[in-house]
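Notes for the structure review
Here's the letter readout for the chains.
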Amino acid sequence: MVLISGVAGSGIPAHALDPAPGVTDLIHDIDQILSDSRLTMARAGVVVRNADTGEELYTLDGGKLFAPASNTKLLTSAAAMETLGADYRFTTDVLSKGKDLYLRGTGDPTMLTADYDALAAKVAASGVKVVTGRLIADDTWFDDVRLGTDWAWDDEPYYYAAQISALTASPDTDYDAGTVKVSVAPGDGPGKPAKVTTTPDTDYLKIVNKAVTGDDTDVLVEREHGGNTVVITGTVADPYNEWVTVWDPTLYAASLFRKGLAAHGVRVIGPTAHGATPSEAKTVATRESMPLSQLLTPFMKLSNNMHAEILTKAMGRKVSGEGSWSSGLAVTKSFAKANGVQTLSLRDGSGLSRMDGLTPSGIASLLVAAKGKPWFPAWYDALPVAGQADRMVGGTLRSRMRGTPAAGNVHAKTGSLTGVTALSGYVTSAEGEPLVFSILTNGYLSGAPRDLEDRIAVRLAQFTRSAPADVAADAGAGTPDAETLRTETPSAETPSAETPQGDDLECSWRKPAEC
């Protein structure tokens, strides 16, 4: 493999520009790292720049398009902060007109069972005892396209590819919108039926339990396409959890609200139905979400795909009055181009689509431009931090680069699909120089070479301009350990073209409790 490092757009190798000794050494060391045999059949693009001036210190195929996976969320989150604002909040309202009661959403992914219960309590406190008409679930803030363009059809039951609706619910404070947590535990003895519970406790799913108590845990939890029947098979020896998506999250949310109404003594005589709220309807109760600046933490730390798609549609709704992917992506593209990302292809907000395309140079330009934004501190803090064990600090980097100069230093977004890995973000050099970097790798046939990303990031943390760093080019950087791969919900039973397999799995795909 021939590696040429140089200044983007100049066509002149960096070594010919007589850079400082430390820069020459950096170029040599990154070239050495990228000479790994796993990249022989793959494509790697790398760009390193000064975060303040934009000066380029290293580039390899910086202007070429790569599938970015979840690095797409860097654009989506930044565009959302710019367009919606750090103080943006989703609202969920209960309104009434005539005999009907309306539940209207704007996409809030943080709505829990307790929040729908609290809304129901407000309805009861307002004096409503009986709703003689229907409960109307209003999700018209967004369009009715539930799944993203190019998403793999067999990903549809799994939590990372949930349906997008303006009215939805989450089972936990990771805010996995549009999903239910299914828990499977051993039964009363060997061969006896397993015990199955759901969070939230809901009858929206029909559970078909064929699992039995056994000597090991080998469980498959699968929602049948086109409905809400979940079939559980296999054996269970230890408690096992799986997050599954629901078919039609709008009616799922409405079922939780209706249950809350009943618990607070409000009887709804009519059925639940989809519909739009009349303009003259009167507000009975309202709930606001946390501000976007706070939602960024679970969104970016845990690489939540649904947050990205909801924010994409929310941007479209604000700018053009249309809560669709096409309108929202137009906003993201416009923002990206205004901030240095001149070449890109976007089909969704999360990076699930393999038709998404970004360049390392474009991502680096965005990272430099973001530093000048008023919302930058909150956005920067929301990025995963290398080697920090707290999952809401370290996020998807919590088990990487531990015990190295990059630990607690690198703030960066990971990305992972089968054959795709990415790491882009910020690092401070040994001399205190702020740097941005973007590393995109596509087409490898081995396990994900994330250790190469880590070694580059560590080398940047050791970088000095004045002299070569006193490190070997192949210095270890804390590759993912067993803790990274530990999971409550193994994906081996749920393979797809979009889901990394085996050791290739990033923890955000596997839904471990400590990811």
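Right above here is the structure, for reference.
We now turn to the structure provided with this report. The structure presented is a predicted model; accordingly, all values stated were derived computationally and were not measured.

**A look at the sheet that holds strand β20 (residues 420-428)**
What the five strands build is an open sheet, ordered β2-β1-β21-β20-β19; its pairing is antiparallel. Two strands lie at the open edges of the sheet, namely β2 (56-60) and β19 (411-417), each paired on one side alone. This sheet shows a mean twist of 5° between the axes of neighbouring strands, independent of strand direction. Packing against the sheet, helix α1 (residues 21-33) makes contact with β1 (43-50) and β2, and its axis sits at approximately 25° to β2.

**With respect to helix α3 (residues 113-125)**
Compared with the 18 Å implied by 1.5 Å per residue over 13 residues, the 18 Å span of α3 between its first and last C-alpha is a close match. Of all the positions in α3, only Asp-115, Tyr-116, Leu-119, Ala-120, Val-123 and Ala-124 are classed as buried. Tucked inside the fold, the buried residues of α3 contact β3 (91-97), β4 (100-105), α4 (249-263) and β16 (282-288). After α3 finishes, the residue Gly-127 shows a positive phi value of roughly 105°.

**Focus: the sheet that holds strand β13 (residues 240-245)**
Taken together, three strands build an open sheet; the order of strands is β8-β7-β13 and the sheet is antiparallel. The sheet is open, and its two edges are formed by β8 (195-199) and β13, each paired on a single side. For this sheet the average axis-to-axis angle between neighbouring strands, irrespective of direction, equals 25°. Pairing of strand β7 (residues 179-185) with β13 involves six bridges; the strand directions are antiparallel. Counted as the bridge partner of Val-182 is Glu-242 from β13.

**Topic: the environment of Lys-259**
Tracing the backbone through its elements, the reader meets Lys-259 in helix α4. C-alpha separation for the pair Lys-259 and Asp-117, spaced 142 residues apart in sequence, amounts to 7.9 Å.

**Section: the nonpolar core**
Formed by 59 residues in total, the largest nonpolar core has its most connected members in Leu-75, Leu-84, Leu-292, Leu-296, Trp-379 and Tyr-426. Secondary structure elements with two or more residues in this core: α2 (72-83), α5 (292-301), α6 (305-320), α7 (325-338), α8 (360-370), α9 (376-382), β20 and β21 (434-442). If we skip the residues at most four places from it in the chain, Trp-379 touches Leu-74, Ser-77, Ala-78, Met-81, Leu-296, Leu-367, Ala-370 and Tyr-426. The next biggest cluster of nonpolar side chains, apart from the first, holds 38 residues, and it includes Leu-119, Ala-120, Val-123 and Val-268.

Cut-offs used in this document
- Residues numbered from 1 in each chain as written.
- Predicted model: local features only at pLDDT ≥ 70, side-chain atom pairs only at ≥ 80, totals over all residues.
- Heavy atoms only, no water.
- Pairing = 2+ DSSP bridges.
- Helix = DSSP H or I, 4+ residues; strand = E, 2+ residues; numbered from the N terminus.
- Axes fitted to C-alpha atoms, helices over the stretch in contact; angles between N-to-C directions.
- Contact = heavy atoms within 4.5 Å.
- Expected span 1.5 Å × (residues − 1).
- Buried < 20%, exposed > 50% of the residue type's maximum accessible area, 1.4 Å probe, protein only.
- Core = buried A, V, L, I, M, F, W, Y, C linked by side-chain atoms within 4.5 Å.

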